[in-house]
Amino acid sequence: MKSKYCKESRVIRTSRIFPNDVNNHNTLFGGRLMSDLDQVASISAARHSRTECVTASTDSVDFLYPIRTTDSVCFESYVTWTGTSSMEIFVKIIAEDLKSGERRIAATALLTFVALDQHKRPTYVPQVIPETEEEKKLHETAPERARARKERKQKSKELAAFLTTNYPCLT
């Protein structure tokens, strides 16, 4: 299977922040940002694999600076690393003050997607080739994140086995 460059999966989406997008602090609602980043990441995964893909995990979302109604928000995503059927997608969220032009990294996120074949089973994905310094840094540090994801997933499974599915007490 032929390897692909990170840039082949790059997605860039910019939008304005409107009053219906904000929380009680008059900043972008975190749930809205998470929905948007999952959408752009899913496009990156599909571009890289050219198959149907599912979100396997949202590995991290770090909110660094608030995004205000005077800002635009730009989501930039691309595949940084691949396993056999999984893809790590990095999303960089840049806020731009539309009056001053000041730009800042407002948030970053890492998600994992799995490519599926026509029978909805995991299928092979191409390896990824980083080119820029940013891409290289994310690619080089990805194996450690993949190891941590596996450990976290195992702990989640152990916790889920302990949890009950009984209805909560309604008294």
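What comes next concerns the included structure. (Residues numbered from 1 in each chain as written. Predicted model: local features only at pLDDT ≥ 70, side-chain atom pairs only at ≥ 80, totals over all residues. Heavy atoms only, no water.)

Pairing within the open sheet is antiparallel, and its five strands lie in the order β2-β4-β5-β6-β3. Looking at which strands have only one partner, the edges of the open sheet turn out to be β2 (11-16) and β3 (52-63). Mean inter-strand twist for the sheet, computed between neighbouring axes without regard to direction, equals 20°. Note: strand β5 (residues 86-97) against strand β6 (residues 103-116), 11 bridges, orientation antiparallel. Within β6, the residue paired with Glu 96 across the bridge is Arg 103. Packing of helix α1 (residues 30-49) onto the sheet brings it into contact with β2, β3, β4 (71-82), β5 and β6, and relative to β4 it is tilted by some 40°. In this fold helix α2 (residues 133-162) packs onto β3, β4, β5 and β6, with an angle of close to 75° to the strand it touches most, β4. (Pairing = 2+ DSSP bridges. Helix = DSSP H or I, 4+ residues; strand = E, 2+ residues; numbered from the N terminus. Axes fitted to C-alpha atoms, helices over the stretch in contact; angles between N-to-C directions. Contact = heavy atoms within 4.5 Å.)

Notably, Asn 26 is not glycine yet its phi reads approximately 65°, a positive angle. Since its relative accessible area comes to 44%, Asn 26 is described here as partly exposed. Even without being glycine, Lys 120 reaches a positive phi, approximately 65°. Here Lys 120 is to be found in the loop between β6 and β7 (128-129). (Buried < 20%, exposed > 50% of the residue type's maximum accessible area, 1.4 Å probe, protein only.)

With 30 residues, α2 ought to run about 44 Å at 1.5 Å a step, and its terminal C-alpha atoms sit 43 Å apart, in line with that. Along its length, α2 reaches its greatest deviation from straightness, about 45°, at Ala 142, and the proline Pro 143 lies no more than four positions downstream. Along α2, the residues classified as buried are Glu 135, Leu 138, Ala 142, Arg 145, Ala 146 and Arg 149. (Expected span 1.5 Å × (residues − 1). Bend = angle between axes of the 7 residues up to and from the residue.)

Before going further, it helps to spend a moment on the environment of Lys 137. When you line up the elements, Lys 137 lands in helix α2. Taking the C-alpha atoms as reference, Lys 137 lies 18 Å from Glu 8; in sequence the two are 129 residues apart.

A surface patch of nonpolar side chains, amounting to about 290 Å² of accessible area, comprises Leu 64, Tyr 65 and Ile 105. Within the secondary structure, Ile 105 sits in strand β6. (Patch = residues over 30% accessible without salt bridge, like charges linked within 9 Å, V, L, I, M, F, W, Y side chains within 5 Å. Areas by Shrake-Rupley, 256 points an atom, 1.4 Å probe, with all protein chains shown as cover. Salt bridge = Lys/Arg side-chain N within 4 Å of Asp/Glu carboxyl O.)

Now for the nonpolar core. In terms of nonpolar packing, the biggest core is built from 32 residues, with Leu 37, Ile 67, Val 91 and Ile 93 touching the most fellow members. When contributions to this core are tallied by element, the ones reaching two or more residues are α1, β4, β5 and β6. No other element matches the seven residues that β6 contributes to this core. With sequence-adjacent residues up to four places away left out, Ile 67 is seen in contact with Ile 17, Thr 27, Leu 28, Leu 33, Val 73, Ile 93, Ala 95, Arg 104 and Ala 106. (Core = buried A, V, L, I, M, F, W, Y, C linked by side-chain atoms within 4.5 Å.)

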